[in-house]
Amino acid sequence: MSTGQSSSEQIDFPLIHSGYVNSLSRYYGQTRPSLRIRLERVLILVAVTWLPLLVLSLLSGHTFAGKVPVPLIHDPALSGRLLFVLPVLELAEAMVAISLPIQIRHFTTSQIVPANQKPQFETILNEVLKLRSSVYVELLIGVTALVSGVIFHRVVFQDISPSWEHDSTTTPAGWYYALVSLPILYFFVLRWLWIFGLWGWFLFRVSQLDLQLTPTHPDHAGGLGFLGWGLASFSGVVMAISAMFSSAVFYEIIHKNQSIETMKYHLMIFVIITLSLVHAPLLVFFWRMSRCRFLGLLEFSSLVLRYDRAFEEKWIEKRSGEPAENLLGTPDVQSLVDIARGYEHVTEMWLLPFDMTGIMVLVGAALIPMLPLLGTALPLNAILTKLAELMI
């Protein structure tokens, strides 16, 4: 990255395309991935994580129903994780890779970060990218993913009931799943958590700069509303994590006699926690926005008071005997309304840079993977009929 450019439009922030794994890709001739390259990566991920499980299960007779209660093709948790979650986590990089640099540039082009703060701003960018490019961090993520796949899946949360993974002993497919497939999935999840953590750290550092916020900004966030909308770019990641959770719930319902009624509170709490965590980085602006709102209230209150007194003196006290028609068309009345509206903008300012449309996008991303769970409580034709009734 080159942040020391004279023009803020040249500032880049390749948080997604940094890192040791991406450096290896560039070493072997791949530039920043296009859609075709990402689709090729998805096929490679499926070929490495899911296809060997299919082959090993076919060899041991655990693919279809008959030999074990839970064959491979009847495991929604496995299919959801490897055939949906992994591809979505890979494809989600495209949206975030576009969104983050745009938000970075807007800090400077909108002059929220003033000119005298740009050197500190660019220093923060370089520090964050240095952390992202650390080979030791990605190595730690890889080791953690491998250890998690073995310890948590084969020791802590081991399920010894007969299935494609375990039939008297752990099957070859079960070992491959614990040693290869799950670690790859966990690597992607942990790497996304690391990227999101770095984004949160960047926002924290930026919040300590002398930001020029405007209390009357129509986004109700002092000009920082773009950060709330920017979180919508992580909707693909939210959808993938939700699918990971929903597929596990689906497994509980169809194989362990749970019901959607008993699991609905788990789903609600998951959505609430997920949305809270996604918006957590915006908390760093609470003090800055609170101060902006408070000072704005003081300044506009003083302005409104002075103007109201001048208006009363001119139009009420000194012209009390004049006809009311003389007020028609005077700009004084319109100015009175405009100042009052400006004060309302200040009072309506939020203390966090939320964006309601962005929140709805994230809620939708979290809920979409849960829709198949409705089929366990209602027949599909009943769901489609009800949807048709609502639309007509």
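From a predicted model like this one, the values you see are computed outputs, not experimental measurements.

(A) Inspection of the overall build of the chain at higher detail. Within the chain, the regular secondary structure consists of 14 helices and 2 strands. Of all 392 residues assigned to the chain, the portion counted as buried reaches 44%. As presented, the chain carries roughly 20700 Å² of accessible surface, and 67% of it is formed by carbon and sulfur atoms.

(B) Broad picture of the packing of helix α2 (residues 35-49) against helix α7 (residues 172-207). Contact geometry for α2 and α7: axes closest at 10 Å, N-to-C directions at 150°. Here α2 is positioned roughly antiparallel relative to α7, judged by the angle of their axes. In this structure, α2 uses Leu45, Val48 and Thr49 to contact α7, whose residues at the interface are Tyr176, Val180, Ser181, Ile184 and Phe188. For the contact of α2 with α7, the per-class residue count stands at 6 nonpolar, 2 polar and no charged.

(C) Molecular detail of the packing of aromatic side chains. Tallied over the entire structure, the rule returns 11 aromatic pairs. Members of the aromatic cluster, connected to one another through ring pairs, are Phe107, Phe121, Trp199, Phe202 and Phe226. When the ring centre of Phe188 is taken as origin, the NZ or CZ atom of Arg191, which lies over that ring, is 5.2 Å away.

(D) Examining helix α9 (residues 235-255) more closely. Between its first and last C-alpha, α9 extends 30 Å over 21 residues, near the 30 Å set by a 1.5 Å rise per residue. At the exit of α9 stands Asn257, carrying a positive phi of roughly 60°.

(E) Here's a closer look at the nonpolar core. Ranked by internal contacts, the top residues of the largest apolar core, which has 79 residues, are Phe107 and Phe202. In terms of residue count, the dominant contributor to this core is α7 (16 residues). Residues within four places of Phe107 in sequence aside, it is in contact with Ile112, Val113, Phe121, Phe202, Leu203, Val206, Leu224, Phe226 and Leu227.

(F) Geometry of the pattern of salt bridges. Tallied over the full model, the rule gives 9 salt bridges. Residues Arg132 and Glu138 are paired through a salt bridge, measuring 2.8 Å at the closest nitrogen-oxygen approach. Given the relative accessible area of 0%, Arg132 is considered buried. Overall, the relative accessible area of 5% leaves Glu138 in the buried class. Between Arg341 and Glu344 there is a salt bridge whose closest N-O contact spans 2.6 Å.

(G) View of a nonpolar patch on the surface. A cluster of nonpolar side chains, contributed by Leu139, Val143, Val147, Ile151 and Phe152, occupies part of the molecular surface with about 420 Å² of accessible area. If you trace the backbone, Val143 turns up in helix α6 (residues 135-156).

(H) Region of the structure containing unusual backbone geometry. A positive phi angle, near 65°, is found at Gln111, a position not held by glycine. Assignment of secondary structure puts Gln111 in the loop between α4 (76-109) and α5 (118-132). Unlike most non-glycine residues, His220 shows phi in positive territory, near 60°. Residue position: His220 is located in the loop between α7 and α8 (225-230).

What counts, and where the lines are drawn
Residues numbered from 1 in each chain as written. Predicted model: local features only at pLDDT ≥ 70, side-chain atom pairs only at ≥ 80, totals over all residues. Heavy atoms only, no water. Helix = DSSP H or I, 4+ residues; strand = E, 2+ residues; numbered from the N terminus. Buried < 20%, exposed > 50% of the residue type's maximum accessible area, 1.4 Å probe, protein only. Areas by Shrake-Rupley, 256 points an atom, 1.4 Å probe, with all protein chains shown as cover. Axes fitted to C-alpha atoms, helices over the stretch in contact; angles between N-to-C directions. Parallel < 35°, antiparallel > 145°, perpendicular 65-115°, else oblique. Contact = heavy atoms within 4.5 Å. Nonpolar A, V, L, I, M, F, W, Y, C, P; charged D, E, K, R; others polar. Phe/Tyr/Trp six-rings, centres within 6.5 Å; stacked < 30°, edge-to-face > 60°. Lys NZ or Arg CZ within 6 Å of the ring centre and 35° of its normal. Expected span 1.5 Å × (residues − 1). Core = buried A, V, L, I, M, F, W, Y, C linked by side-chain atoms within 4.5 Å. Salt bridge = Lys/Arg side-chain N within 4 Å of Asp/Glu carboxyl O. Patch = residues over 30% accessible without salt bridge, like charges linked within 9 Å, V, L, I, M, F, W, Y side chains within 5 Å.

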